[in-house]
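# Observations on the model geometry
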Amino acid sequence: MFIVIIYIMQVTDLGRIASHYYVTHHTIATYNEHLKPTMGDIELLRLFALSDEFKYIIVREEEKLELAKLIDRVPIPVKEALDEPTAKINVLLQVSCASVSLLASYTA
């Protein structure tokens, strides 16, 4: 006598979106939970900083001076303290998206 066990996998919308954009399903679940149509730029960047992909980001002591210089040059205000990883993520996302020149931060 043989017992046959059949497993059926079903695709979910969150899983489909996660695989399309190469992010974890935890990140998509976080977006799904917190994303609101009335969110402004500041709240949206904070939400992106909560992404699971950034969970191992830390702020090193030697980076704080550079972050302090960059935080004044990004277009959207950063409300977090420089010691918080979400501030670093927020600044780096803005520098990348807004094409802020990094060379100017070294000459100032």
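Preceding this paragraph is the structure being described.
Residues numbered from 1 in each chain as written. Predicted model: local features only at pLDDT ≥ 70, side-chain atom pairs only at ≥ 80, totals over all residues. Heavy atoms only, no water.

Right, let's get into the pattern of salt bridges. Here the structure, examined in full by the defined rule, presents 7 salt bridges. Between D52 and K55 there is a salt bridge whose closest N-O contact spans 3.9 Å. Since its relative accessible area comes to 22%, D52 is described here as partly exposed. A salt bridge links R60 to E63; the nearest nitrogen and oxygen atoms lie 3.2 Å apart. By relative accessible area, which is 40% here, R60 ends up partly exposed. A relative accessible area of 19% means that E63 is categorised as buried. When salt bridges with common partners are traced through the structure, they connect R60, E63 and K88 into a single cluster. (Salt bridge = Lys/Arg side-chain N within 4 Å of Asp/Glu carboxyl O. Buried < 20%, exposed > 50% of the residue type's maximum accessible area, 1.4 Å probe, protein only.)

Turning next to helix α5 (residues 85-98). Here α5 contains 14 residues, and its C-alpha end-to-end distance of 20 Å stays within 8% of the 20 Å for a straight helix at 1.5 Å per residue. Elements that come into contact with the buried residues of α5 comprise α3 (41-49) and α4 (64-71). Trailing α5 by a residue or two, S99 shows a phi angle of about 55°, which is positive. (Helix = DSSP H or I, 4+ residues; strand = E, 2+ residues; numbered from the N terminus. Expected span 1.5 Å × (residues − 1). Contact = heavy atoms within 4.5 Å.)

Let us now look at the side chain of E63. Relative to the elements of secondary structure, E63 occurs in the loop between α3 and α4. A distance of 2.8 Å separates the side chain of E63 from the side chain of K88, its partner in a polar contact. For E63, the contacting residues outside a window of four places in its chain are I58 and K88. (Polar contact = N/O pair within 3.5 Å; in protein donor to acceptor, adjacent residues only side chain to side chain.)

This part is about the packing of aromatic side chains. If you walk through the whole model with that rule in mind, you get 1 aromatic pair. Seen in terms of ring centroids, Y31 and F48 are 5.6 Å apart; in terms of plane orientation they differ by 75°. Their pairing is edge-to-face. Here F48 lies in helix α3 and Y31 lies in helix α2 (residues 25-34), a separation of 17 residues in the sequence. Since its relative accessible area comes to 33%, F48 is described here as partly exposed. (Phe/Tyr/Trp six-rings, centres within 6.5 Å; stacked < 30°, edge-to-face > 60°.)

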